Amino acid sequence: MKPYAADYFDWFGTLLFGVYGLVLFIILWAISAVFLENKREQLFCCIAFIFLSLFVWVAAYSSLMPYLHDTDIFSYIVEEGVVNVESRGVNLYYLISKPLVILSAYQIEVYLLFQQFIFILALLFIWKGWQIHCENLKIKTGLFEVFVLLAVIYPSTILYITTPLREFIQILGFSIFLYGLAVNLQNGKWLWLIIGVVLTLFVRPQLILIYPILILIAKQKNIFKLLAYGLGIVPLILLAFNVMNYHFRVSWFARFRNASIEHYGGSGMTYGYVEWQTYSDLLLDLPVLALQFLLSPMPIMHDVNPLSLLMLFLDFIFVSFVLFGALSIKFRVSGTYLKIFIFAITLFAMKEFFIGGAVRHRFPLILMILPLASMYYSHVIASLLRHRQKQQLPVSKINAQTT
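Rules behind the numbers
Residues numbered from 1 in each chain as written. Predicted model: local features only at pLDDT ≥ 70, side-chain atom pairs only at ≥ 80, totals over all residues. Heavy atoms only, no water. Helix = DSSP H or I, 4+ residues; strand = E, 2+ residues; numbered from the N terminus. Buried < 20%, exposed > 50% of the residue type's maximum accessible area, 1.4 Å probe, protein only. Polar contact = N/O pair within 3.5 Å; in protein donor to acceptor, adjacent residues only side chain to side chain. Contact = heavy atoms within 4.5 Å. 1 Å grid on protein atoms, 1.4 Å probe; cavity = no way out; pocket = protein on both sides within 12 Å on 5 of 7 lines; lining within 4 Å. Points joined across faces, edges and corners; volume = space filled by probe spheres on them. Nonpolar A, V, L, I, M, F, W, Y, C, P; charged D, E, K, R; others polar. Expected span 1.5 Å × (residues − 1). Bend = angle between axes of the 7 residues up to and from the residue. Salt bridge = Lys/Arg side-chain N within 4 Å of Asp/Glu carboxyl O. Disulfide = S-S within 2.5 Å. Core = buried A, V, L, I, M, F, W, Y, C linked by side-chain atoms within 4.5 Å. Phe/Tyr/Trp six-rings, centres within 6.5 Å; stacked < 30°, edge-to-face > 60°.

### Quick look at the side chain of Ser 75
And step 1. For Ser 75, the position within the fold is in helix H4 (residues 70-80).
And step 2. By relative accessible area, which is 1% here, Ser 75 ends up buried.
And step 3. Here the side chain of Ser 75 touches Asp 72 through a polar contact of 3.2 Å, landing on its backbone oxygen.
And step 4. Ignoring sequence-local partners within four residues, the contact set of Ser 75 consists of Tyr 4, Tyr 8, Ile 108 and Pro 164.

### Quick word on the layout of surface pockets
And step 1. One number sums up the size of the second largest pocket: a volume of about 400 Å³.
And step 2. With eight residues, the top contributor of residues to the lining of the second largest pocket is helix H16 (residues 331-351).
And step 3. Counted by class, the lining of the second largest pocket contains 11 nonpolar, five polar and three charged residues.

### Considering empty space enclosed by the protein
And step 1. Going through the model one piece at a time under the given rule, you end up with two cavities of 30 Å³ or more.
And step 2. The computed volume of the largest cavity comes to approximately 120 Å³.
And step 3. Together, Gln 170, Phe 174, Thr 200, Leu 207, Ile 210, Tyr 211, Leu 214, Ala 344, Phe 348, His 361, Pro 364 and Leu 365 line the largest cavity.
And step 4. Only helix H9 (167-187), helix H11 (211-219), H16 and helix H18 (363-392) provide two or more residues apiece to the lining of the largest cavity.
And step 5. Split by residue class, the lining of the largest cavity holds nine nonpolar, three polar and no charged.

### Let's talk about helix H14 (residues 279-295)
An α-helix turns once per 3.6 residues; consequently, residues spaced three or four apart project the same way.
And step 1. Under the 1.5 Å per step criterion, the end-to-end length of H14 is 24 Å for 17 residues, consistent within 8% with the ideal 24 Å.
And step 2. When the local axis directions of H14 are compared, the greatest deviation, roughly 40 degrees, occurs at Leu 286, which is followed within four positions by the proline Pro 287.
And step 3. Listed as buried for H14 are Leu 282, Leu 286, Leu 289, Ala 290, Gln 292, Phe 293 and Leu 294.
And step 4. On its buried face, H14 is in contact with helix H13 (250-263), helix H15 (310-326), H16, helix H17 (355-361) and H18.

### Topic: the pattern of salt bridges
And step 1. One pass over the structure, following the stated rule, counts five salt bridges.
And step 2. The salt bridge involving Glu 145 is made with Arg 40; its shortest N-O contact spans 2.4 Å. Placement of the pair is Glu 145 in helix H7 (residues 144-153) and Arg 40 in helix H3 (residues 39-61), with a sequence separation of 105 residues.
And step 3. You can call Glu 145 buried: its relative accessible area is 11%.
And step 4. One salt bridge connects Arg 360 with Asp 70, and the closest N-O pair in it is separated by 3.1 Å. Linking Arg 360 in helix H17 with Asp 70 in helix H4, this pair joins segments that are 290 residues apart in sequence.
And step 5. Residue classification places Arg 360 among the buried residues on the basis of a relative accessible area of 13%.
And step 6. By relative accessible area, which is 29% here, Asp 70 ends up partly exposed.
And step 7. Connected via shared salt-bridge partners are Asp 70, Glu 167, Arg 204 and Arg 360.

### So, the state of the cysteines
And step 1. Under the definition given, this model contains zero disulfides.
And step 2. You can see Cys 134 has no disulfide; the closest cysteine sulfur is in Cys 45, sitting 18 Å from it.
And step 3. Under the relative-accessibility criterion, Cys 134 is labelled buried at 0%.

### Notes on the nonpolar core
And step 1. Formed by 133 residues in total, the largest nonpolar core has its most connected members in Phe 119, Ile 120, Phe 177, Phe 341 and Leu 367.
And step 2. By residue number, the principal contributor to this core is helix H6 (residues 108-137), which donates 20 residues.
And step 3. Beyond its immediate sequence surroundings of up to four residues, Phe 341 is in contact with Leu 294, Leu 323, Leu 365, Ile 366, Met 368 and Ile 369.

### Observations concerning the packing of aromatic side chains
And step 1. Taken as a whole, this structure holds 30 aromatic pairs when the rule is applied.
And step 2. Relative to Phe 125, the ring of Phe 35 lies with its centre 5.2 Å away and its plane at 75 degrees, an arrangement referred to as edge-to-face. Residue Phe 35 is found in helix H2 (residues 11-35), and its partner Phe 125 is found in helix H6; the two are separated by 90 residues along the sequence.
And step 3. Seen from their ring centres, Phe 313 and Phe 316 are 5.9 Å apart, and the 35 degrees between their planes marks the pair as tilted.

The structure is reproduced here in structure tokens:
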């Protein structure tokens, strides 16, 4: 049993969990009718909500699920209604989550149910943005059912959504941003895009410098111009640091990263040290850094046996499966998403020093490319079904179809 379950789960929270679960199911059914095309997709969406809601209890009581120390902080916020951590990100999260805490009647069981509901809502925004993207290209999206199935069985979903953590708010904000970006590229409207940005900043305020770059990347189709803009943006970011009396130096950044590695070294979950004196040193290390971030917990820049980290290793297998599908469709279709994905992976990799942190922080980015993978695997499923049907047809009918 996890500490938050031992400390806070009780009969009243369990009773409310059942009542709220029924209400949220009805609300989700109504909302999904707006986003989805038919009742089969709606049913699949609601089944996903039920599955994750029930898994909340598995995560709380099963020893197979690793214990994440942050769950103590966030369960305390819900049950006590106060925050006792000096962290800007946590305090901002407290402000944005307060209405949800009140709606949950200060019961962590109910709050976890809301997390599942909001996560499914985020998936609907991701899918709707993908639909708009595909409509503009006049292509089919693939199966919604494949997309939802991938999202639900994603090990990071099980790890970070069914336990008391703040990832669900970040994912909702990022999902609305992706939907708003698709709307903006289609008709120039900014409202949903701004809502997504603001919501995300309540969890990760440092992303304020990144979102304008993501919009630029999505809008610029010329790769050479994009590279030129990228080279121009770097000095502006450094100038912003200097204006704030924060004199950025590559060597200082290396020392900061290495100090974090040394501080958390006792956990056995950190990457190796870096030696950066010039920007060229940093650039030469970027491919390896990005690779370790993307493929964590594989032994890149560390010698920890990935098989000793079962859930993280399963996450790596899943991510590899998704990457194969996403990279197998035409760049004309995937280009906008992949450009954002590659930039974000590279940027986040420069700071990441913790094996589990890499898995956790790439979570929203992998969700972003799930529609791409679902398109590819939808085609694979359709091809297998056609092949099977062809094998089952009598020889006379096969001849008739080929003449």
